[in-house]
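Residues per chain are reported as follows:
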Amino acid sequence: MQIHLVTVGTKMPSWVQQGYDEYAKRLPRECELILKEIPAGKRGKNSDTARIVKEEGERMLAAIPSNSHLVTLDLGGKMWSTQELSQAMQRWQGNGQHVSLMVGGPEGLADSVKQSARESWCLSNLTFPHPLVRIVVAEQIYRAWSILQNHPYHR
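Residues numbered from 1 in each chain as written. Predicted model: local features only at pLDDT ≥ 70, side-chain atom pairs only at ≥ 80, totals over all residues. Heavy atoms only, no water.

Colleague: Would you mind showing me how to read the pairing of strand S2 (residues 32–38) here?
Modeller: Along any regular strand the residues' side chains alternate between the sheet's two faces. When strand S1 (residues 2–8) meets S2, the two strands line up parallel, connected through seven bridges. Bridged to Val8 within S2 is Ile38. With helix H1 (residues 14–24) bridging S1 and its parallel neighbour S2, the resulting β-α-β unit is right-handed. (Pairing = 2+ DSSP bridges. Helix = DSSP H or I, 4+ residues; strand = E, 2+ residues; numbered from the N terminus. Right-handed = clockwise from strand over helix to strand, strands pointing away.)

Here it is as structure tokens:
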């Protein structure tokens, strides 16, 4: 199974890439985590943010593998414990599909992305900077995988 972390934003600080890479490289090939960065639309004082978000959504949907199981990361989603995330991962593996975790830009996800999703995951009620979300998601995916493998990382 491949898990595609599809995020709006590029050119992250080096500490973000290092943090993400640390957990992504720990995952085995059968549970590969792949980062797909979508360039954010140009925002300015008088920007048409609705149009920008819609275009970002179109680029996000174009970046995912066909027949992918879409999961949005959204405040309106369901909060999962790490144990529940591991159960979701086990279910995803059983379905035999790739999974795409969708993280929007500053204004959130486009409606087209939300409507295409089969599940929605609320990472936290807290507001995180988008670069940090990449690291938290990568760590939680690794932690959930370690639970499924009876690996001592999660204790």
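Next, the rest of the story.
Colleague: Would you take a moment to explain the pairing of strand S3 (residues 69–79) for this structure?
Modeller: For S3 and strand S4 (residues 99–103), the ladder comprises four bridges, and the chain directions are parallel. Looking across to S4, one finds that Thr72 is bridged to Met102. Between the parallel pair S3 and S4, the chain is carried across by helix H3 (residues 82–95), and the sense of this crossover is right-handed. The sheet contact formed by S3 and strand S5 (residues 119–122) spans five bridges and is parallel. Bridge pairing links Met79 to Cys122 in S5.

Colleague: Quick question: what am I supposed to make of the nonpolar core here?
Modeller: Across soluble globular proteins, you tend to see nonpolar side chains buried next to one another. Membership of the largest hydrophobic core comes to 27 residues, with the highest contact counts inside it found for Ile3, Met89, Trp92 and Leu101. If you list the elements that add at least two residues to this core, you get S1, H1, S3, H3, S4 and helix H5 (130–148). The biggest single contributor to this core is H5, with seven residues. Val6, Ile38, Met60 and Ala110 belong to the second largest nonpolar core, which has eleven residues in total. (Core = buried A, V, L, I, M, F, W, Y, C linked by side-chain atoms within 4.5 Å. Buried < 20%, exposed > 50% of the residue type's maximum accessible area, 1.4 Å probe, protein only.)

Colleague: What should I look at first to understand the sheet that holds S5 in this one?
Modeller: Across a sheet, paired strands are connected by hydrogen bonds in the backbone, their directions being either parallel or antiparallel. The five strands lie next to each other as S2-S1-S4-S3-S5, forming an open sheet whose pairing is parallel. Strand pairing shows two members of the sheet lacking a second neighbour, S2 and S5, which therefore form its edges. The sheet shows a mean angle of 30° between the axes of neighbouring strands, direction not considered. Here H3 sits on the sheet in contact with S1, S3, S4 and S5, set at roughly 160° to S3. Contacts between H5 and the sheet are confined to S1, S2, S3, S4 and S5, with S1 contributing the most and set at about 170° to the helix. (Axes fitted to C-alpha atoms, helices over the stretch in contact; angles between N-to-C directions. Contact = heavy atoms within 4.5 Å.)

Function cannot be read off these values alone, since they describe shape.
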